[in-house]
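Residue-level structural notes
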Amino acid sequence: MSTKSMSNQFNVLKNSTSIFFAWLTPIAVQFLAIPFIVNRLGNDQYGIYTLGLTVMGYFAILDMNMVKGGIRYIAEFNGKGDDEKVKQVISFGFLAYLAIGILGCSLIMLSVDPVLMRMFKIPANYTETARIVLFLTGGGFLSNILKSYMLSLPKALHRFDISNQTDVLFQVITTLATVVLVYAGYGLLEIVALRIVSNLLCVIALMASVKRCLPYFRFTMAFEKALIRNIASYSVITFIGRIGTVTSNHFHLIVVGAILGPAAVTLFSVPQQLVSRIMSLSSRLSMMIFPISSELGAKREIEKLHVIYIRMSRFMFFLNMMLTVVFVAFAHDILLIWMGSEFADQAFRVLALIAVGFLFDRVTMMPSLVTEGLDHPMVTSAFAFIRGATAIALTYAGGVLVGLDGVAWGFLASSAICSISFNVYVHRITIKLSIARVLKEAYSLTFFCSLFITAITLVLKKAMALVDSFWISLASQSLIVSVLFMLLGYFGVLNQEERWRLMNTMMKKIPSSKSVHS
């Protein structure tokens, strides 16, 4: 492989920029759309829609984590220039996901009456609607799992820009089309059908993109037994972890739906969607380390990997900590502006607790990806399973004992316990990098400075309570917090070389006096 090709593959800046805009665009659209959709449908119907998505997400257990397996092997073989094996991995993966999608679709449809309708506390006037929505969820599962696989292929080739741009386009189109349907008086059934059609069109678009990236690609049914055995082995090992990951991501909504009903699901899921989508920026950025760790691990360049890992961890932790402080300190204000005062009064504690839980989860993202990239999927699988089991116990107990806030507390507690234990273990055993070094170079300064900023923010909120204008008070607090985090980012997160590069880039953007007058 040429030097130019390798340089393009590791063009982190290009991928980062693409990932940022892929994250920002759908969030901006959905931030405007969700209040309108919830208001039109009502808490019960939106809760039923969310339960359908939750069921679809829970059945994703069936995919056996083959997306990561595909990324790992495609990245490895593409790095070695083995085109034939790249074709085999892609072809086998598509067939496997098609079979999994058909199986999951069938299981969801068969479980609607005997299991799902009995599990959830559906109001009597929405029983038939909920039943049809859950049936359609089967088709949604099939289309969504094919979309997930196809989105992974450009990532394995370090073309995150293609995956992100395609995903953004269809997310925005689907959201806007949903708004149009709701405005025109259509209901849940049409919204679910729209989602299925959008996913299938996205799959077709991604097929064309992969073909452009790999002109030599031809679908094949001839597979080397050893290669299939390796992919299957990787998938079986990570299947246990997949169970845990899916459980920890979706079980709390099932608990809310079963104990408190679909209206409560809306009160929980809307804050969760907000936190999940905004903090997904770090997840998207972190994914760049996975193919990099696979290639560097195969070449035994572990020290180079450690340098990249610490640098990326420093940036990711700063980003996640900043977002968490904003969610915790401004939870009620955010929901008040976004969803209204009644919604904010009921759900602001949920938003704050979920944000802290997501912070702990995001701290596991980088070490998980590096561990799997270094071919230790059993480790991440075991801890993910433990995470899922812990989430089941704590969220259910919290829901029964306390209610909606109790589920959020259970989510936070399970995230914290499993994140701390996982990080201690993998840095010592699989990544082979001192946890003390990671804490010192990547986490400690940002953590303590963020606590200080949080304290300042809470003091400001009490002081600003005397100001008559809500908007002046909020703008003042936001400005001060933004400036403090900008200072922390510039002086605490960027090193001297990175600060110099940033200033040099900014200076180049400013036209000189000569160019201005020419």
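Below or above, wherever it landed, is the structure these notes cover. (Residues numbered from 1 in each chain as written. Predicted model: local features only at pLDDT ≥ 70, side-chain atom pairs only at ≥ 80, totals over all residues. Heavy atoms only, no water.)

**Concerning unusual backbone geometry**
It is generally the case that most residues other than glycine have a negative phi and that most peptide bonds are trans. Positive phi, close to 65 degrees, is recorded for Arg300, a residue that is not glycine. With respect to the helices and strands, the residue Arg300 is situated in the loop between α10 (289–298) and α11 (302–329). For Asp375, which is not glycine, the phi dihedral falls at a positive 70 degrees. By the secondary structure assignment, Asp375 is in the loop between α14 (365–373) and α15 (377–401). On the basis of relative accessible area, Asp375 is assigned to the partly exposed category, the value being 41%. (Helix = DSSP H or I, 4+ residues; strand = E, 2+ residues; numbered from the N terminus. Buried < 20%, exposed > 50% of the residue type's maximum accessible area, 1.4 Å probe, protein only.)

**Structural notes on the nonpolar core**
Phe268 and Phe327 are the most contacted members of the largest nonpolar core, which totals 134 residues. Ranked by residues supplied to this core, first place goes to α11 with 13 residues. (Core = buried A, V, L, I, M, F, W, Y, C linked by side-chain atoms within 4.5 Å.)

**Quick word on a nonpolar patch on the surface**
On the surface, Tyr396, Val400, Leu401 and Val402 cluster together into a nonpolar patch covering about 460 Å² of accessible area. Turning to its location among the elements, Leu401 is positioned in helix α15. (Patch = residues over 30% accessible without salt bridge, like charges linked within 9 Å, V, L, I, M, F, W, Y side chains within 5 Å. Areas by Shrake-Rupley, 256 points an atom, 1.4 Å probe, with all protein chains shown as cover. Salt bridge = Lys/Arg side-chain N within 4 Å of Asp/Glu carboxyl O.)

**Details of the environment of Val407**
Tracing the sequence through the fold places Val407 in helix α16 (residues 404–429). Judged by its relative accessible area of 0%, Val407 is buried. Sequence separation of Val407 and His252 is 155 residues, and the distance between their C-alpha atoms is 6.5 Å. Apart from residues lying up to four places away in sequence, Val407 is in contact with His252, Val255, Val256, Phe268, Thr395, Gly398 and Gly399. (Contact = heavy atoms within 4.5 Å.)

**As for the side chain of Gln273**
Note that Gln273 resides in helix α9 (residues 262–286). On the basis of relative accessible area, Gln273 is assigned to the buried category, the value being 15%. The residues touching Gln273, leaving out its near neighbours within four places in the chain, are Ile34 and Tyr46.

**Overview of the packing of α10 against α11**
Relative orientation of the contacting elements α10 and α11 amounts to 165 degrees, with a least axis distance of 9 Å. As far as their axial angle goes, α11 and α10 are roughly antiparallel. The handedness of the crossing between α10 and α11 comes out as left-handed. Residue-level contacts link Ile289, Ile292, Ser293, Leu296 and Gly297 of α10 to Ile302, Lys304, Leu305, Ile308, Tyr309 and Met312 of α11. Split into classes, the residues belonging to the contact of α10 with α11 amount to 8 nonpolar, 2 polar and 1 charged. (Axes fitted to C-alpha atoms, helices over the stretch in contact; angles between N-to-C directions. Parallel < 35°, antiparallel > 145°, perpendicular 65-115°, else oblique. Left-handed = near helix turned anticlockwise from the far one by under 90°. Nonpolar A, V, L, I, M, F, W, Y, C, P; charged D, E, K, R; others polar.)

All we've got here are geometric facts, nothing functional implied.
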